[in-house]
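Next come the chains, spelled out residue by residue.
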Amino acid sequence: MSYKVKMESFEGPFDLLVYLISNAEMNIYDIEVSLILDQYLDYMTGLEELDVAVATEFMVLAATLIEIKAKMLIPGNLESDFEGDFEDPRKELVQKIMEYKRFKSASFLVAQRFSDNDSIYEKPQEDISVYLDNPEEFLKMDTTSFINAFNSFLLKKQRIEEMKREYQRIERDRHTVEERILYINSIFDFAKVDKLPFMKLLASKNRYDTAVTFVSILEMVRDHRADALQDEPFGEITVKKLSGEEREERIRRERINRGENHDKGQH
Amino acid sequence: MTKDSIKKALEAMMFIWGEPLSHKVAAEVMNQDKDLVYECLLELKEEYEKESRGIRIREINKAFQFVTSKDMASYIDRLCTPVKRRKLSQAALEVLAIIAYKQPVTKGEIDSIRGIKSDRVMEGLLARELIKEAGRTNGIGRPILYGTTEEFLKNMGLGSIKELPEIDDIENSIHIEEGIIRDPGQMELSLETEEEISDKDHE
Amino acid sequence: MTKDSIKKALEAMMFIWGEPLSHKVAAEVMNQDKDLVYECLLELKEEYEKESRGIRIREINKAFQFVTSKDMASYIDRLCTPVKRRKLSQAALEVLAIIAYKQPVTKGEIDSIRGIKSDRVMEGLLARELIKEAGRTNGIGRPILYGTTEEFLKNMGLGSIKELPEIDDIENSIHIEEGIIRDPGQMELSLETEEEISDKDHE
């Protein structure tokens with residue numbers, strides 16, 4: 001060793017390795033691993049004074065060096081005229097050393113710039129406490145929130161209008177139950193018969209019309225204006241229009257039935 | 001030291017010192033004659049005034065200190081005063097949007113579009129100078145027309161009302177429909193209650 | 001507002017603010033275009049430099065602040081005997097360099113480059129606000145990423161991290177001599193020496 005260097009002054013195993021390589025004036029791409037390993041292990045004798053965590057880090061690299069040395073002892077591994085996929089066992093280590101060296105250089109630049117700018121002084125902020133209790137009101141508004149707010153209003157308005165249309169349509173439809181009864185009566189009048197299949201009473205064959213017609217007939221049955229006859233489940237429905245006399249007879253009979261029920265209830 | 005370099009040193013020292021810096025102390029630091037330093041301070045003070053800079057030098061008993069120029073008070077106020085940001089309510093934004101896009105527009109038209117009375121909201125917007133009266137129509141009762149203000153443009157960061165972003169189908173969307181306002185029962189269903197300009201949102 | 005009056009207002013605001021003043025904030029206060037304000041700030045900075053005044057303007061990430069000129073350090077030191085900033089250790093400098101050039105970077109990556117754990121060094125750098133956490137990676141355990149701060153830029157005399165010199169240029173311009181880098185106290189000297197650790201020439 002040309003001169004003594006304390007272990008503590010090395011920042012880490014790479015730092016030591018870089019030092020040893022350059023001190024031995026070795027080409028970093030052609031490290032004499034066995035020589036460097038000996039020197040490295042030499043320095044590691046000073047590790048007893050270091051804390052265990054740091055010592056471990058140094059030992060990891062020592063192990064790597066030993067491994068590389070072993071690999072290099074395998075004959076043929078270092079023959080440069082050997083053709084084929086020859087992988088230098090030192091390659092990865094060299095890459096790591098080079099990377100470490102780059103940042104080591106950068107650290108000197110940081111040190112230099114830090115000391116250069118050490119002579120620049122800034123002053124603290126002036127006392128602005130008088131202003132702080134007295135916040136200024138400020139209207140928060142930007143195009144985006146403006147447009148968003150307005151679009152959501154439009155959407156809401158659209159929904160309301162749809163709802164309103166729906167509401168009006170239902171109202172209109174309810175109205176047409178009575179209209180439909182008039183229409184059904186007119187069909188019976190026109191056909192001059194008192195029985196017609198349900199299908200004949202439809203104005204059109206959409207579901208809505210079918211429903212309205214059906215509801216209208218139920219209404220007529222309830223009102224003793226018609227009878228609905230169905231021979232089998234899901235079979236055709238025949239609608240029989242009741243005459244004025246028939247209707248009065250039904251109403252009279254219903255009253256009697258209700259009266260009897262009423263009397264029964266009394267006793 | 002030349003007068004020029006004395007002045008430079010004085011600038012740096014006054015800047016760091018903050019409190020009035022005595023010409024004697026300054027002279028001692030620079031190892032210069034105190035009368036010369038005093039002269040330099042006076043000259044420096046005058047230079048700042050002549051160039052009417054944003055920062056000036058104030059003398060108090062032969063001690064000197066950097067201060068801001070009087071004219072700059074309003075900027076300092078604005079810089080240092082924390083801002084409480086208020087947000088417009090949804091109702092206010094709606095009315096503002098209708099006015100912005102359909103201006104000039106009457107209150108009646110606005111009410112009709114929104115399906116609810118907008119009187120209180122509009123009062124708020126007028127008070128904040130975001131909208132203004134912009135003449136009257138020739139219709140029955142000659143109702144007042146409303147439009148947006150410069151304050152509105154400023155708040156929106158717009159150079160002119162023409163820069164207002166386009167809303168697709170704005171005409172179709174905010175057409176004035178007759179029936180809407182007629183049925184008060186429906187209104188509660190349809191629209192939230194009116195809010196004053198809220199300041200819920202502090203930032 | 002004329003450019004001249006903008007500059008004056010900027011002087012006053014920067015003086016009061018002390019900390020770097022963002023061009024956006026300044027623009028908002030004056031109600032001016034932020035690009036125009038930025039331009040004015042750059043011009044003002046240049047003017048102070050050209051006149052080689054005792055106070056200068058420093059830019060950090062498009063924010064500007066008054067500082068003293070480097071040449072005035074000796075007067076300020078004598079005037080205030082300011083607290084000397086503690087020098088960074090070589091380990092801290094290494095970690096800082098790695099973070100500066102590789103940011104955002106995890107502690108694991110830093111440890112791997114240095115071949116040694118950097119926990120305590122990083123704590124120190126965090127405490128001095130030279131580095132900061134900058135999110136997390138998506139990797140296993142989602143380790144924390146680190147980056148440099150504005151304080152770092154200030155100390156480096158950089159306007160933004162983009163101005164960091166290329167690392168390869170440093171290697172060519174900085175010569176590292178063995179014995180001296182061992183002693184952190186002599187670090188500044190080490191930069192002038194001739195011997196080189198790099199063995200590139202042998203390639």
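Please read these numbers as outputs of a predicted model, since none were measured by experiment. (Residues numbered from 1 in each chain as written. Chains lettered and ligands numbered in written order. Predicted model: local features only at pLDDT ≥ 70, side-chain atom pairs only at ≥ 80, totals over all residues. Heavy atoms only, no water.)

**Observations regarding the overall build of chain A**
And then number 1: Of the regular secondary structure elements, chain A holds eight helices and four strands.
And then number 2: Mapped in sequence order, the helices and strands of chain A form the string α-α-α-α-α-β-α-β-α-β-β-α.
And then number 3: Out of the 267 residues belonging to chain A, those deemed buried represent 39%.
And then number 4: For chain A, contacts bridging at least 24 residues in sequence account for 53% of all contacts bridging at least 6. (Helix = DSSP H or I, 4+ residues; strand = E, 2+ residues; numbered from the N terminus. Buried < 20%, exposed > 50% of the residue type's maximum accessible area, 1.4 Å probe, protein only. Contact = heavy atoms within 4.5 Å.)

**Concerning the pattern of salt bridges**
And then number 1: The full count for this structure, using the stated rule, is 39 salt bridges over all chains.
And then number 2: Among the salt bridges present, the one from A:Arg252 reaches A:Glu249, with a minimum N-O distance of 2.9 Å. On the criterion of helical spacing, the pair formed by A:Arg252 and A:Glu249 is a turn pair, its members being three residues apart in helix H8 (residues 244-266).
And then number 3: Assessed through its relative accessible area of 31%, A:Glu249 is described here as partly exposed.
And then number 4: For the salt bridge of B:Arg53 with B:Glu51, the shortest nitrogen-to-oxygen distance reads 2.6 Å.
And then number 5: Sharing partners across several salt bridges, the network here consists of A:Glu11, A:Asp15, A:Lys104, C:Glu94 and C:Arg114. (Salt bridge = Lys/Arg side-chain N within 4 Å of Asp/Glu carboxyl O.)

**A word on the packing of aromatic side chains**
And then number 1: This model, assessed by the stated rule, comprises nine aromatic pairs over all chains.
And then number 2: Ring centres 6.0 Å apart and planes at 50° place the aromatic pair A:Phe114 and C:Phe152 in the tilted group. Within this pair, whereas A:Phe114 is found in helix H4 (residues 91-117), its partner C:Phe152 is found in helix H8 (residues 150-156), the two belonging to separate chains.
And then number 3: Relative accessible area serves as the criterion here: at 11%, A:Phe114 is assigned to the buried category.
And then number 4: For C:Phe152, a relative accessible area of 0% corresponds to the buried category. (Phe/Tyr/Trp six-rings, centres within 6.5 Å; stacked < 30°, edge-to-face > 60°.)

**A few points about the packing of helix H1 (residues 3-17) of chain B against helix H2 (residues 23-30) of chain B**
Residues and elements named next belong to chain B.
And then number 1: At a closest axis distance of 11 Å, the pairing of H1 and H2 adopts a crossing angle of 115°. Relative to H2, H1 is oriented so that their crossing is right-handed. Between H1 and H2, the residues in contact are Ile6, Ala9, Leu10 and Met13 and Ala26, Val29 and Met30, respectively. (Axes fitted to C-alpha atoms, helices over the stretch in contact; angles between N-to-C directions. Left-handed = near helix turned anticlockwise from the far one by under 90°.)

**Regarding helix H2 (residues 23-30) of chain C**
All names here are of chain C.
And then number 1: The complete set of buried residues in H2 reads His23, Ala26, Ala27, Val29 and Met30. For H2, the angular spread of the buried residues around the axis is 160°, confining them to a single face.
And then number 2: Between the side-chain oxygen at the start of H2 and the backbone nitrogen of lysine 24 there is a gap of 3.0 Å, and the oxygen is on serine 22.
And then number 3: Positive backbone phi, at 60°, marks asparagine 31, one or two positions downstream of H2. (Arc of directions from axis to C-beta. Polar contact = N/O pair within 3.5 Å; in protein donor to acceptor, adjacent residues only side chain to side chain.)

**Some words on the nonpolar core**
And then number 1: Within the largest apolar cluster, 58 residues are counted, with the highest numbers of intra-cluster contacts made by B:Leu10, B:Met13, C:Leu10 and C:Met13.
And then number 2: Ignoring sequence-local partners within four residues, the contact set of C:Met13 consists of B:Tyr75, B:Ile76, B:Leu79, C:Leu21, C:Ala26, C:Val29 and C:Met30.
And then number 3: Membership of the second largest hydrophobic core comes to 33 residues, among which are A:Leu139, B:Leu88, B:Val95 and B:Met156. (Core = buried A, V, L, I, M, F, W, Y, C linked by side-chain atoms within 4.5 Å.)

**With respect to the sheet that holds strand S6 (residues 131-136) of chain B**
Residues and elements named next belong to chain B.
And then number 1: The strand order across the open sheet formed by three strands is S5-S7-S6, and the pairing between neighbours is antiparallel. The open sheet is flanked by strand S5 (105-106) and S6, the only strands paired with a single partner.
And then number 2: When S6 meets strand S7 (residues 144-148), the two strands line up antiparallel, connected through four bridges. Residue arginine 136 lies in a different strand from S7, and its bridge partner there is isoleucine 144. (Pairing = 2+ DSSP bridges.)

**Some thoughts on the pairing of strand S2 (residues 55-60) of chain B**
And then number 1: Direction of pairing for S2(B) relative to strand S3 (residues 63-68) of chain B: antiparallel, over a ladder of six bridges. Looking across to S3(B), one finds that B:Ile55 is bridged to B:Thr68.

**Focus: the side chain of C:Arg58**
And then number 1: Tracing the backbone shows C:Arg58 in strand S2 (residues 55-60).
And then number 2: A residue is classified by how much of its surface remains accessible, and C:Arg58, at 12% relative accessible area, is buried.
And then number 3: One polar contact links C:Arg58 to A:Glu122, side chain to side chain, over a distance of 2.6 Å.

**What to know about the environment of B:Ile144**
And then number 1: Following the sequence through the fold, B:Ile144 ends up in strand S7.
And then number 2: Not counting residues up to four positions away in its chain, the partners in contact with B:Ile144 are B:Val105, B:Thr106, B:Lys107, B:Glu133, B:Gly135 and B:Arg136.

**Focus: the packing of helix H5 (residues 90-102) of chain C against helix H6 (residues 107-114) of chain C**
Residue and element names in this part refer to chain C.
And then number 1: Direction vectors running N to C along H5 and H6 enclose 120°, while the axes themselves pass 10 Å from each other. As summarised for this structure, H5 and H6 are arranged oblique, according to the angle between their axes. Handedness of the H5/H6 crossing: right-handed. Packed against H5, whose contacting residues are Ala91, Glu94, Val95, Ile98, Ile99 and Lys102, the element H6 presents Ile110, Ile113 and Arg114 at the interface.
And then number 2: A class-by-class count of the residues in the contact of H5 with H6 yields six nonpolar, no polar and three charged. (Parallel < 35°, antiparallel > 145°, perpendicular 65-115°, else oblique. Nonpolar A, V, L, I, M, F, W, Y, C, P; charged D, E, K, R; others polar.)

**Here we look at the sheet that holds strand S4 (residues 105-106) of chain C**
Residues and elements named next belong to chain C.
And then number 1: Taken in spatial order, the three strands make up an open sheet running S4-S6-S5, and their pairing is antiparallel. Whereas interior strands pair on both sides, the edge strands pair on one side only; in this sheet they are S4 and strand S5 (131-136).
And then number 2: As paired elements, S4 and strand S6 (residues 144-148) share two bridges and run antiparallel to each other. Bridge pairing in S6 links valine 105 to tyrosine 146.

**So, helix H4 (residues 73-80) of chain C**
And then number 1: Looking only at H4(C), the buried set comprises C:Ala73, C:Tyr75, C:Ile76 and C:Leu79. One side of H4(C) carries all its buried residues, which in axial view fall inside an arc of 160°.
And then number 2: Of the surrounding secondary structure, the elements contacted by the buried residues of H4(C) are H1, strand S1 (21-22) and H2 of chain B together with strand S3 (63-68) of chain C.
And then number 3: Positioned one or two residues after H4(C), C:Thr81 has a phi angle of 35°, which is positive.

**Notes on unusual backbone geometry**
And then number 1: Cis rather than trans, the peptide bond between B:Gln103 and B:Pro104 has omega equal to -5°.
And then number 2: Position of B:Pro104 relative to the elements: it lies in the loop between helix H5 (90-102) and S5.
And then number 3: Backbone geometry at A:Lys192 places phi at a positive 55°, although glycine is not the residue there.
And then number 4: Looking at the element boundaries, A:Lys192 is found in the loop between helix H6 (143-191) and strand S2 (195-197).
And then number 5: A:Lys192 sits in the exposed class, given a relative accessible area of 74%.

**Quick look at the confidence of the model for chain B**
Residue and element names in this part refer to chain B.
And then number 1: Averaged over all residues, the pLDDT of chain B is 81; the fraction at 70 or higher stands at 82%.
And then number 2: Scored below 50 in pLDDT, residues 176-203 shows 59 contacts in the model against residues more than four places distant or in partner chains.
And then number 3: In the predicted complex, the global pTM is 0.59; the interface-specific ipTM is 0.63. (pLDDT = per-residue confidence, 0-100.)

**Quick notes on the confidence of the model for chain A**
And then number 1: This prediction gives chain A a mean pLDDT of 79; 82% of its residues lie at or above 70.
And then number 2: Throughout residues 263-267 of chain A the model reports pLDDT below 50, and contacts reaching past four residues in sequence, or to other chains, amount to zero contacts.

**Overview of a positive patch on the surface**
And then number 1: The grouping of C:Lys24, C:Lys34, C:Lys62 and C:Lys162 at the surface amounts to a positive patch.
And then number 2: Secondary-structure assignment places C:Lys62 in the loop between S2 and S3. (Patch = residues over 30% accessible without salt bridge, like charges linked within 9 Å, V, L, I, M, F, W, Y side chains within 5 Å. Areas by Shrake-Rupley, 256 points an atom, 1.4 Å probe, with all protein chains shown as cover. Lys, Arg positive; Asp, Glu negative; His and termini not counted. Charge placed at Lys NZ, Arg CZ, Asp CG, Glu CD.)

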